Amino acid sequence: MSLASHILKKIAETHGTPTYVYDIDRIKERYQYFQAAFPWPGLTICYAMKANYNPNILRTLRSLGAFIDAVSPGDLYMAMACGFKASRIIYTANNMKDCEVDEIMKTGVLMNIGSLSRLEKYAAKYPGTRLCLRFNPDVVDGEHDKIKTGGDLTKFGILLEDVDKVLRVARDHKLKIVGLHEHTGSGLIKPDSILNSMKNIMSVATQNNFPNLEFLDFGGGFKVPYGPDETEIDYKLVGQDIVALFSSFCDSYGKKLGLYFEPGKFLTAKAGCLLVEVNTIKTNRKKTICGTDSGFPQLIRPMFYDAYHHIENISNPESDKIEYDICGNICETGDLFAKNRLISRIREKDLLSINDAGAYCYAMGGVYNLRPMPAEVVVENGRIMLSRRRKTSEDLILSILEESIGIHPGQLNKHSNEACYQTLVGA
Ligand code: LLP
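Our subject in this report is the structure included herewith. (Residues numbered from 1 in each chain as written. Predicted model: local features only at pLDDT ≥ 70, side-chain atom pairs only at ≥ 80, totals over all residues. Heavy atoms only, no water.)

**Let's talk about the sheet that holds strand S9 (residues 258–261)**
Part 1 of the argument: Read around the closed barrel, the eight strands follow the order S2-S3-S4-S5-S6-S7-S8-S9; overall the barrel is parallel. Direction aside, neighbouring strands of the sheet carry axes that sit 30° apart on average.
Part 2 of the argument: With three bridges connecting them, strand S2 (residues 43–48) and S9 associate as parallel partners. In the strand pairing of S9, isoleucine 45 is matched with phenylalanine 261. (Pairing = 2+ DSSP bridges. Helix = DSSP H or I, 4+ residues; strand = E, 2+ residues; numbered from the N terminus. Axes fitted to C-alpha atoms, helices over the stretch in contact; angles between N-to-C directions.)

Next comes the structure, spelled out in structure tokens:
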């Protein structure tokens, strides 16, 4: 974690655990690095807010000039609430319902459509409008099978070979196709994947096919190192090839287009950690198991993708290293943050930092076992600020009961024992 241990300890003392911590200065640095890596006048960075929708992060990226890649009405309203104008948002949901399309069209954001079926329905209802089209780049890459988006085994994008069908619909309904989009996968591993996907999209992006293009959007997927054997990719080097390819494409297209990317992980993953406290150490026959006060619903990547997250013992960093399984407090055997991991000797009450947790961690969280999500704290210029408080169990249960049919907090005493009623409604 980029933040010093004394800051993390102070955060845990003030705000308790489990708590997510985001280093806002690091996010700014990552954004500026990305900008410098792709020196193109029309570079636009559309932050994939699915990675982390924390409002402090969104406001920071807005102030740096980012656009937003939104994937649901919730994303859209959150981005707008954090100051993003409709003209700075692209809407790339998949499998939308008709009413979702209508809802989004009222906001004026640019719609990105990735299936022929949706395109036909859209064109009939919204002829003559500006639109972006998502194609499948036909390149398969990503750091886990679940997050590879290109190729014919996935649900994403229109096949390149269907471009004539697209053109027929667009022509019949006078659609103005202003952008073409693709996203190959998350955590692209092969060095040439981005260039290959770009070339495939460029093969259909001709003046003849699409005379009104304003930009090409090549999605996200910029890899960050998680595991001990992974190294940071030098995107400044890769960026030169990408910009050269794009520049020669623009020459043949006859117009300097916008070059759009949608990084999520790249901007936020390395800038976050989850602080947890150790409450139980157990030595079974073969293993030492370390139990913490968080669990997989609060950081699911290790369980869901077998993802590696580096873990530091902030309270005892210098000691000899021991092999541990680091577990959570959820009633499932798979509730593990790390297996057979060498970590400085852990004692009960020690503070652990689960690192590289700024992307797809809080955002993928839930309240399984009815444990409220962690608090979120941001650090900027050395200032520590609580960004989102941790709900209490009482808050969580009351909100569920309020949303449930037929049970209102006022009726609780009929369903629950008196002590519970006292706790929840304080009566
Ligand atoms: N654009 C589109 C259309 C996407 O679907 C995604 C990610 C991105 C951009 C941003 O990709 P990134 O730069 O963050 O790799 N939950 C998974 C990652 C899922 C990514 C889904 N789409 C994980 O924790 O690894």
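**Re the site of the ligand**
Part 1 of the argument: The ligand sits among 19 residues. The nearest are Ser186, Glu262, Lys265, Arg301 and Tyr360.
Part 2 of the argument: Within the contact set of the ligand, an oxygen atom lies 2.9 Å away from a backbone nitrogen or oxygen of glycine 221.
Part 3 of the argument: In this structure, an oxygen atom belonging to the ligand sits 2.9 Å away from a main-chain N or O atom of glycine 264.
Part 4 of the argument: In this structure, the ligand is accommodated by the largest pocket.
Part 5 of the argument: Residue composition of the shell around the ligand, grouped by class: six nonpolar, seven polar and six charged. (Near = heavy atom within 4 Å. Polar contact = N/O pair within 3.5 Å; in protein donor to acceptor, adjacent residues only side chain to side chain. 1 Å grid on protein atoms, 1.4 Å probe; cavity = no way out; pocket = protein on both sides within 12 Å on 5 of 7 lines; lining within 4 Å. Sits in = over half its atoms within 2 Å of the grid points. Nonpolar A, V, L, I, M, F, W, Y, C, P; charged D, E, K, R; others polar.)

**A look at the side chain of serine 353**
Part 1 of the argument: When you line up the elements, serine 353 lands in strand S15 (residues 351–354).
Part 2 of the argument: The class for serine 353 is buried, based on a relative accessible area of 0%.
Part 3 of the argument: The residues touching serine 353, leaving out its near neighbours within four places in the chain, are Met1, Leu8, Cys273, Leu274, Leu275, His310, Ile311, Glu312 and Ile314. (Buried < 20%, exposed > 50% of the residue type's maximum accessible area, 1.4 Å probe, protein only. Contact = heavy atoms within 4.5 Å.)

**Let's talk about the nonpolar core**
Part 1 of the argument: Core analysis: the largest hydrophobic core is formed by 104 residues, its most contacted members being Leu133, Phe135, Leu180, Phe210, Leu216, Phe246 and Ile326.
Part 2 of the argument: Counting residues per element, this core draws most heavily on helix H9 (residues 235–253), at eight residues.
Part 3 of the argument: Among all residues touching leucine 180, those that are not within four sequence positions of it are Cys132, Leu133, Phe135, Ile201, Val204, Ala205, Phe210, Leu213, Phe215, Leu216 and Asp217.
Part 4 of the argument: Residues Leu3, Ile7, Leu275 and Leu351 belong to the second largest nonpolar core, which totals twelve residues. (Core = buried A, V, L, I, M, F, W, Y, C linked by side-chain atoms within 4.5 Å.)

**A few points about the layout of surface pockets**
Part 1 of the argument: Volume-wise, the largest pocket comes out at about 620 Å³.
Part 2 of the argument: Lys50, Thr149, Phe156, His183 and Tyr360 are, among the 29 residues lining the largest pocket, the residues nearest its centre.
Part 3 of the argument: Counting residues per element, the ones that place at least two in the lining of the largest pocket are helix H10 (265–268) and helix H11 (301–305).
Part 4 of the argument: Along the lines of polarity and charge, the residues of the lining of the largest pocket split into ten nonpolar, ten polar and nine charged. (Points joined across faces, edges and corners; volume = space filled by probe spheres on them.)

**Things to note about the packing of aromatic side chains**
Two measures describe an aromatic ring pair: the distance that separates the ring centres and the angle between the ring planes.
Part 1 of the argument: Summed over the entire model, instances satisfying the criterion amount to 24 aromatic pairs.
Part 2 of the argument: Where phenylalanine 222 meets tyrosine 235, the ring centres are 5.3 Å apart and the plane angle is 80°; that geometry is what we call edge-to-face. Of this pair, phenylalanine 222 sits in the loop between strand S8 (215–217) and H9 while tyrosine 235 sits in helix H9, and the two are 13 residues apart along the sequence. The residues phenylalanine 222 and tyrosine 235 share a single accessibility class, namely buried.
Part 3 of the argument: What links up through ring pairs into an aromatic cluster is the set Tyr33, Phe34, Phe38, Trp40, Phe218, Phe222, Tyr235, Phe246, Phe249, Tyr253, Phe261 and Phe266. (Phe/Tyr/Trp six-rings, centres within 6.5 Å; stacked < 30°, edge-to-face > 60°.)

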